[in-house]
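# Secondary and tertiary structure notes
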Amino acid sequence: MAPKKSTKVIPWSSPVPAFGDVSRSTIATVGINPSNREFVDDRDNELAGAQRRFHTLSSLGLQTWAQAGEIHHREIARACEEYFQTNPYDRWFRQLDFLISGTNFSYYSPMFSACHLDVVPFATACKWAELTAEHRSNLFAVTGDALGRLVRDSPLRVLVLNGSYVVSQFQKISGTMLAATLKPSWKLPRPEESGVPGYAYHGSISVLAGIHLNREVTVLGFNHNIQSSFGVTRAVKASIRRWISKNVQEILS
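Small disclaimer: the values here were computed from a predicted structure and weren't measured.

### A look at the overall build of the protein
For the protein, the helix and strand inventory stands at 6 helices and 6 strands. Mapped from its N terminus to its C terminus, the protein presents α and β elements in the order β-α-α-β-α-α-β-α-β-β-β-α. Relative to the globule expectation of 18 Å for 253 residues, the C-alpha radius of gyration of the protein, 18 Å, shows essentially globular dimensions. Expressed along its principal axes, the backbone C-alpha trace of the protein runs to roughly 55 × 45 × 35 Å. For the protein, the proportion of its 253 residues judged to be buried stands at 50%. Partitioning the contacts of the protein with sequence separation of at least 6, the portion at a separation of at least 24 is 67%. With 27 positive and 21 negative side-chain charges, the protein shows a separation of 4 Å between the mean positions of the two kinds.

This is the structure in structure tokens:
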């Protein structure tokens, strides 16, 4: 189950195809890959007991992933589906949940559920920005068409991309260039007068990672990485939230 080539994937961690129940979600946010904090604490010790978020070799009683069978796959899937009911990484997800909350969908809602997906479903020992080009290439290769198959087999109608790097990679695997619009109210303040401009992205796809989705799925996005970009103010977040809400309401009406 773990990639064989050099990828910096945490070798004892399970893949994370989704955060939340994708089979019940209409909207999903999209990131690049799961944080190592989904599996380890601040001292890099494996999360255990009530702190555990996803399964690992030890939690499943396995020595290697080659020993994993159907029962283990079901346990991994259940942990993903129940993620927001147990011990979610709120410091990361609450910020994204705020952006989509104007749509009435939420990661935390049992009735109007949303989920989160990643382009690469494997947690790495270091941050994505610290990976080499070879590591990233190997991760994309081993991921293959997983995201396309996941979206195809779901009821998802809207995907929301978090940050310019995710937008760039998503455009590559979908073969679709999203329309970019400059949003003055999203500009991030900096000591220099120009600041960091904000861009909104909008489009639709019917193919993802070579997989035909059998429907059109709307894609929205923004260039600021909400958790990582310095100086994303409350006003900017509120403006992005209003933009997402307006577009989703038009799509679903």
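### A look at the nonpolar core
Core analysis: the biggest nonpolar cluster contains 34 residues, and Ile27, Phe54, Phe222, Ile240 and Ile244 have the highest contact counts within it. Sorting the residues of this core by element identifies α1 (70–81), α2 (90–100), β3 (158–162), β6 (211–222) and α6 (234–252) as the ones contributing at least two each. What Ile27 contacts, discounting residues up to four positions off in sequence, is Ile100, Phe105, Ala114, Cys115, Leu156, Val158, Val160 and Val248. Counting 30 residues, the second largest nonpolar core, distinct from the first, contains Cys115, Val166, Leu178 and Ile205.

### Description of the sheet that holds strand β5 (residues 199–208)
As summarised here, the arrangement of the 6 strands in space is β2-β1-β3-β6-β5-β4, forming an open sheet in which the pairing is mixed. In this open sheet, the two edge strands, each paired with only one partner strand, are β2 (114–118) and β4 (179–182). Ignoring strand direction, the axes of neighbouring strands in this sheet form an average angle of 25 degrees. Where helix α5 (residues 164–174) meets the sheet, its contacts fall on β1 (27–31), β3, β5 and β6, and the angle it forms with β5 comes to roughly 30 degrees. Helix-sheet contacts for α6 involve β1, β3, β5 and β6, and the interaxial angle to β6 is about 150 degrees.

### With respect to the side chain of Ser113
Of note, Ser113 is situated in the loop between α2 and β2. A residue is classified by how much of its surface remains accessible, and Ser113, at 7% relative accessible area, is buried. A polar contact is formed between the side chain of Ser113 and the backbone oxygen of Arg24, at a distance of 3.0 Å. With sequence-adjacent residues up to four places away left out, Ser113 is seen in contact with Arg24, Ser25, Thr26, Phe105 and Ser106.

### Here we look at the side chain of Asn247
Tracing the chain through its elements places Asn247 in helix α6. Those residues within four positions of Asn247 in sequence are excluded, and the remaining contacts are His202 and Leu220.

### What about the pairing of β6?
Here β3 runs beside β6; their pairing, made up of 5 bridges, is parallel. Bridging across to β6, Leu159 finds its partner in Val219. Of the strand pairs in this sheet, β5 and β6 are connected by 8 bridges, and their pairing is antiparallel. The residue bridging Ser204 from the neighbouring strand is Thr218, located in β6. The hairpin turn running from β5 into β6, its antiparallel successor, is 2 residues long, and Ala209 in that turn takes a positive phi close to 55 degrees.

Rules behind the numbers
- Residues numbered from 1 in each chain as written.
- Predicted model: local features only at pLDDT ≥ 70, side-chain atom pairs only at ≥ 80, totals over all residues.
- Heavy atoms only, no water.
- Helix = DSSP H or I, 4+ residues; strand = E, 2+ residues; numbered from the N terminus.
- Rg over C-alpha atoms; globule rule 2.2 N^0.38 Å.
- Buried < 20%, exposed > 50% of the residue type's maximum accessible area, 1.4 Å probe, protein only.
- Contact = heavy atoms within 4.5 Å.
- Lys, Arg positive; Asp, Glu negative; His and termini not counted.
- Charge placed at Lys NZ, Arg CZ, Asp CG, Glu CD.
- Core = buried A, V, L, I, M, F, W, Y, C linked by side-chain atoms within 4.5 Å.
- Pairing = 2+ DSSP bridges.
- Axes fitted to C-alpha atoms, helices over the stretch in contact; angles between N-to-C directions.
- Polar contact = N/O pair within 3.5 Å; in protein donor to acceptor, adjacent residues only side chain to side chain.

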